[in-house]
Amino acid sequence: MTKHLKRMVSMIAATAMLAPTMTLGVSAATYATFYDYYVSNPSQSIIPGKSWFTVSLSEEGSNYVLYDQTRNIKFVKSTLDGDYNFLTNKKLTQNSPNRPAIPKVNEMVSFSKSTNLATKTASYEQQALATLYQVQSVYDRYARLGYSDFGAGSSNTLYVALNSAAGQANSNVGKYHINGNLNDNKAGNLADYAWLCFSEKAQNNAVHNYMAADEDIVGHELTHIMLLKRFGWTTTTNNLETQAIMEAYCDILGELLDSNTDWRIGSESYVIKPSSGVYSLRDLRAPANTKAPESYYQGTLQFKNHTFYTNYKDYSQAIKQQPGLNYIYGSTVLSHAAYKMYNNGIYKDLLTQIWFQSLNYLSYFCKPQFASFADVREAVTVAANSVLYNRGYSASEHKKYIGIINQAFDEADIPAMRYTTTRQNQAANTSNMADFIRAESRKYPTGKYWSNGDIESYSSTIGSTSINKIIVNATFDKGYNKSFNYEIEEPYYECAGFAKKLQMDYFGTTKFLHIDENENSVTYEPRIGDHLRITSEMNSRYEENGAHSIFVSGVKQNTNGTITLTYADCNSDGNNIIGWNKQISYDLSTGRVGSGRFGYGYQVMWVERPIMLGDVNGDSFVNTQDLNLMQTLINRGSTYSTNSTTDLAYRNFAADVNKDGKITSSDKTLLNTQLNNTSGISLVFVK
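Residues numbered from 1 in each chain as written. Predicted model: local features only at pLDDT ≥ 70, side-chain atom pairs only at ≥ 80, totals over all residues. Heavy atoms only, no water.

Attention now goes to the side chain of Thr-381. Structurally, Thr-381 is set in helix 7 (residues 373-390). A polar atom in the side chain of Thr-381 sits 2.7 Å from the backbone oxygen of Arg-377. (Helix = DSSP H or I, 4+ residues; strand = E, 2+ residues; numbered from the N terminus. Polar contact = N/O pair within 3.5 Å; in protein donor to acceptor, adjacent residues only side chain to side chain.)

Take the packing of aromatic side chains next. Under the definition given, this model contains 26 aromatic pairs. Residues Tyr-312 and Phe-373 carry aromatic rings whose centres are separated by 5.2 Å and whose planes lie at 40° to one another, so their mutual orientation is tilted. Of this pair, Tyr-312 sits in helix 4 (residues 312-321) while Phe-373 sits in helix 7, placing them 61 residues apart in sequence. Assigned by exposure class, Tyr-312 and Phe-373 land together as buried. An aromatic cluster is defined as three or more aromatic residues linked by ring pairs; in this entry it consists of Tyr-139, Tyr-142, Tyr-147, Phe-150 and Phe-356. Sitting over the face of the ring of Tyr-67, Lys-74 holds its NZ or CZ atom 4.9 Å from the ring centroid. The ring centre of Phe-512 lies 3.7 Å from the NZ or CZ of Lys-500, which sits over that ring. (Phe/Tyr/Trp six-rings, centres within 6.5 Å; stacked < 30°, edge-to-face > 60°. Buried < 20%, exposed > 50% of the residue type's maximum accessible area, 1.4 Å probe, protein only. Lys NZ or Arg CZ within 6 Å of the ring centre and 35° of its normal.)

In this section: the packing of helix 10 (residues 430-443) against helix 11 (residues 494-507). The N-to-C vectors of helix 10 and helix 11 enclose an angle of 125°; their axes lie 11 Å apart at closest approach. Judged on the interaxial angle alone, helix 11 and helix 10 are oblique. Read as a crossing pair, helix 10 and helix 11 show a hand that is right-handed. Here helix 10 contributes Asn-432, Met-433, Phe-436, Glu-440 and Lys-443 to the contact with helix 11, which in turn contributes Lys-501, Leu-502, Asp-505 and Tyr-506. Partitioned by chemical class, the residues of the contact of helix 10 with helix 11 number four nonpolar, one polar and four charged. (Axes fitted to C-alpha atoms, helices over the stretch in contact; angles between N-to-C directions. Parallel < 35°, antiparallel > 145°, perpendicular 65-115°, else oblique. Left-handed = near helix turned anticlockwise from the far one by under 90°. Contact = heavy atoms within 4.5 Å. Nonpolar A, V, L, I, M, F, W, Y, C, P; charged D, E, K, R; others polar.)

On to the pairing of strand 23 (residues 511-516). For strand 23, the buried fraction is high: six of the six residues fall into the buried class. The two faces of strand 23 match: Lys-511, Leu-513 and Ile-515 on one face and Phe-512, His-514 and Asp-516 on the other face are all buried. The pairing of strand 23 with strand 29 (residues 602-610) spans five bridges and is classified as antiparallel. Residue pairing across strands places Leu-513 opposite Arg-609, the latter belonging to strand 29. (Pairing = 2+ DSSP bridges.)

Let us look at the environment of Ser-665. Structurally, Ser-665 is set in helix 15 (residues 665-675). Taking the C-alpha atoms as reference points, Ser-665 and Asn-635, 30 residues apart in sequence, are found 9.3 Å from one another.

Once that is clear, we can look at unusual backbone geometry. A positive phi is found at Asn-576, a non-glycine position, where the angle reads about 65°. Checked against the element boundaries, Asn-576 lands in the loop between strand 26 (562-570) and strand 27 (578-587). Asn-576 sits in the buried class, given a relative accessible area of 3%.

The next thing to look at is the confidence of the model for the protein chain. Averaged over the protein chain, the pLDDT score is 74; the fraction of residues at 70 or greater is 68%. Per-element averaging of pLDDT across the protein chain places strand 1 (residues 14-17) at the bottom with 22 and helix 5 (residues 328-343) at the top with 96. Counted against residues more than four places away or in other chains, residues 80-102, with its pLDDT under 50, gives 78 contacts. Overall, residues 270-277 carries pLDDT values under 50, and its contacts beyond four positions in sequence, including any with other chains, amount to 29 contacts. (pLDDT = per-residue confidence, 0-100.)

A separate point is helix 2 (residues 215-231). In this model helix 2 runs 24 Å from its N-terminal to its C-terminal C-alpha over 17 residues, within 8% of the 24 Å that 1.5 Å per residue would give. Counting buried positions along helix 2 gives 15 out of 17 residues, so the element sits mostly inside the fold. (Expected span 1.5 Å × (residues − 1).)

Another point: the pattern of salt bridges. Any two side chains of opposite charge can pair, on the condition that their charged atoms come close. All told, the structure shown has 21 salt bridges when counted by the stated rule. In this structure, Arg-391 and Asp-349 form a salt bridge, with 3.0 Å as the shortest nitrogen-oxygen distance. Linking Arg-391 in the loop between helix 7 and helix 8 (395-411) with Asp-349 in helix 6 (residues 348-365), this pair joins segments that are 42 residues apart in sequence. Residue Arg-391 is classed as partly exposed on the basis of its relative accessible area, which comes to 35%. For Asp-349, a relative accessible area of 40% gives the class partly exposed. (Salt bridge = Lys/Arg side-chain N within 4 Å of Asp/Glu carboxyl O.)

With respect to the helices and strands, Thr-562 occurs in strand 26. Assessed through its relative accessible area of 16%, Thr-562 is described here as buried. Of note is the side chain of Thr-562, whose polar atom sits 2.6 Å from the side chain of Asn-560. If near-sequence neighbours (up to four positions away) are discounted, Thr-562 is found in contact with Lys-556, Gln-557, Tyr-586 and Asp-587.

Shown next as structure tokens:
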């Protein structure tokens, strides 16, 4: 099984594990449901500010059962034995298992009716009921946002596995540990768990510990389940930035869904009181001040100062220097920026909507499993424009709130990725391409090999074991009626990776338009900077034997109706060898490249190009057809995407000619004057 959280410093995570096939649910029984069961809040104030609270649970015979039939939430039992180091994700004792026990979903938490919960002070029952109350509260807040898909199995049940140290005063069972997880067992059935752990009291009184009853911790855990179900986000994701983004969203939404948003994780029910002061698990207001527990070992709570980042440039540099850096230290770059948005005037309800809605837009701009901080900035900005527009905010309010968001991201040095500095007419200039080729061919010399695992360098031998690859944030199919296509050559390996690397260096972008010759019924018109994908050699039966990618660096029209393509490539020999200034002919009448061994030529499969500002219809040309479609967007009154379809996201990218975050008549006027050669603007590429 895979631990979702490798640290104690946050003690908040989601765990993905492989579980044996199990039957979800409980034995057939008749339960009576109580919707307003009153529970007293003990003197330790499990839920601060309340003398009592109400929960929905069930009754079976002589027992109360923690089963909310309305929301379909079932609390089940779990155990965790031995001392546990939460940063290294290992037991500190050698004679105990390395992982917490998997809870059994048919062993539900229940209490005898003879227990007077209305008067009893701190107890396992009291804490469990408080946890149920918080899970129900956060569940309802998510439901108001429009999300309630936390359940598992055919019954769509949310299982909450409680770890308790009740009756084990000298044990560390369940102490200082909380996580949420999603089990995907071998039968392919999903069993979701919000695995919430707590103990009655820390041994040395250093901790007032009711973690599972802390609202922002519960919100954090349910957010993990949501993100895992929507995007497949776990700590097994290869991209460190994406892992940090995952944790940041859990902290941000955990705080915004908390009735007491103080931007300190675990500050209410779990308050650390060492001699040096009072701290939370993560202080999002001032992450650098966070001093959190690392582990509980041999009766002593271990504290440690950690480096939490608030600046993206610092964090990205740290990742390069420390590939194994824990992702939680980068999560505060985003969560601290969110705190600044709140502190600078975006009120709680609005900010909650913006961050929650940004998840809908994130997949427009990237493959979520490779999301970057810049992608999040784009998604949050577009979500803010949409929420503000739909709520009818005035132009001045709109400007104010977008300004606050941009300021927070700017102060965190999170880049705005919208447009390149490379101009379209500059990229089309043959002398600029010639200068680029001279520079790149020195960087990647002819006859060397692009296979040493470093995309920025080369190898002198073919004995390297690593194969280079490129990850591209997003690729659009040709045409505005197409959505994102993630099934194209992705990630880009070897020849395709090298061609894509040259494109990224030349155009300064990681977003591209994909044009498929067969699917779109178009004839390829060569353009410098193209990533051209062609079939490999045809056999004697004119069957395709594979495919190869080239980077087109020159296009020359010949008198005989053919075109000479100059190109660079690698791996043409199967060994990742680099080549420059190679040439091949292209016949417009047949759509074939070269002659091939059997005289039939190579077939053009597809081409990828950077997305051009002004190319509203997605055909890789900026012309009057784009003006006509832009008017449709203007008539719709679209401030970026108020529509859930991804094709509209493409048009919003390309149609915002003046880059002010909305599509208006000003954009059409600018594009029209540009097409008439009377505009001073410079059309660039979407970044």
